[in-house]
Amino acid sequence: MTPRQPGTAAQAADHPRPGPAEVPAAGFAEYLASPEGPRFLNPDAVRAPGPEVPVRTVTADGRSGPVRIRIYGEAAEAGMPALVWLHGGGFVSGSVDIPESDYLARVLADGGMPVLSVDYRLARDGVSYPIPHEDALAGWFWARRNAASLGLDPGLLCLGGAGAGGNLAVGAALYLMDAGKPLPAKLLLAYPFLHAELPPPAQGLDEDVMAGLPRHLRFTPEDSLRTAENYVGGPVSMAPSYAMPGYADPAGLPPTALLACEYDDARGSAELFASSLERAGVPLTYYLAEGGVHGHLNHTAGLPEGKPALEFLARELRSAGQRQDLRP
């Protein structure tokens, strides 16, 4: 995977290791029990608030009902891209309010790149694939149709997401490609969940550090399988490529920026997808957040440790406009 850029995120190894009695039996069960999202790694840290930017909410027509889209920022300057973003949370938790969605959107919009954050339906209470996938597509199609009235260039619209949102972004891009629809100018993915069976990270994981993380910050192979089964609504063998896009042929996808985390059980999924993109000839920029755990954009929002990852995503988003300028 090239180029590989160093990160300077919060060092998970610096956090005291909990004893056995302190480690809760959580994981996927905690996602189900906490629709608002998982707990922070450092909940007592003093965080800077996100920039003040114009925010408004619109509604798109989805196949299963209305889909809310929160728009951050004003019309973009000529040549500046915009981003359709999908939050994470294992398909069963999180919202447009969590930091990896709201804080990220404020930072990018403050930099002149508007963000349209899609509040897709969660896979709870009988909801399963394809509803979240269709909601993601509804958000994308609404953004394309209304780009001009929002002061955005539809050709510079990018698509991305974190965790489960990264899955939805890639699944939507595959659908657009198969349907012959206009593709995003770029994909921006943060620690995406793309495979039901987690492949091991290429360089392994530091077992001492991983053992010291609270259980609710782990994303084990069992969590991965249960997450996938809940989203698919049955055995993962039923999952089409739009639901588990890591298994699909990525040839033809747009240029991709991929953020992975050093201390993340799911890092192997990001690495395997990155390798697949490279073999398929898809332009790729890969960034490893050193010291970062799964949900890095949540845990470090408003903290100095999170700045390098946000700068990477902002730089990669901005480059979508610069790459357009270079086309004949």
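Residues numbered from 1 in each chain as written. Predicted model: local features only at pLDDT ≥ 70, side-chain atom pairs only at ≥ 80, totals over all residues. Heavy atoms only, no water.

K.L.:
When you look at the layout of surface pockets in this model, what are you seeing that I'm missing?
P.N.:
Empty space among the atoms becomes visible once a probe the size of a water molecule is rolled across them. If you add up the space inside the second largest pocket, you get close to 190 Å³. What lines the second largest pocket is a set of 13 residues, among which R63, E134, L137, A138 and F141 lie closest to the centre. For the lining of the second largest pocket, the elements supplying multiple residues, two or more each, are β2 (55-62) and α3 (131-146). The greatest single-element share of the lining of the second largest pocket, amounting to six residues, is contributed by α3. (1 Å grid on protein atoms, 1.4 Å probe; cavity = no way out; pocket = protein on both sides within 12 Å on 5 of 7 lines; lining within 4 Å. Points joined across faces, edges and corners; volume = space filled by probe spheres on them. Helix = DSSP H or I, 4+ residues; strand = E, 2+ residues; numbered from the N terminus.)

K.L.:
It is not clear to me how the nonpolar core should be interpreted in this structure. Could you clarify?
P.N.:
Side chains that are nonpolar tend, in soluble globular proteins, to be buried together. One finds L116, L258, L259 and L297 to be the most contacted residues of the largest nonpolar core, which totals 95 residues. Residue contributions to this core peak at eight residues, all from helix α4 (residues 164-178). Core analysis: the next-biggest nonpolar cluster, separate from the first, contains seven residues, L41, M210, L217 and V293 among them. (Core = buried A, V, L, I, M, F, W, Y, C linked by side-chain atoms within 4.5 Å. Buried < 20%, exposed > 50% of the residue type's maximum accessible area, 1.4 Å probe, protein only.)

K.L.:
Honestly, unusual backbone geometry in this entry has me stumped. Any pointers?
P.N.:
Comment: phi is negative for the bulk of residues other than glycine, and the bulk of peptide bonds are trans. The amide bond that connects Y129 to the next residue, P130, takes the cis arrangement and shows omega of 15°. Note that P130 resides in the loop between β5 (115-119) and α3. The residue D125 is not glycine, and still its phi comes out positive at about 55°. For D125, the location among the structural elements is in the loop between β5 and α3. For D125, a relative accessible area of 81% translates into the label exposed.

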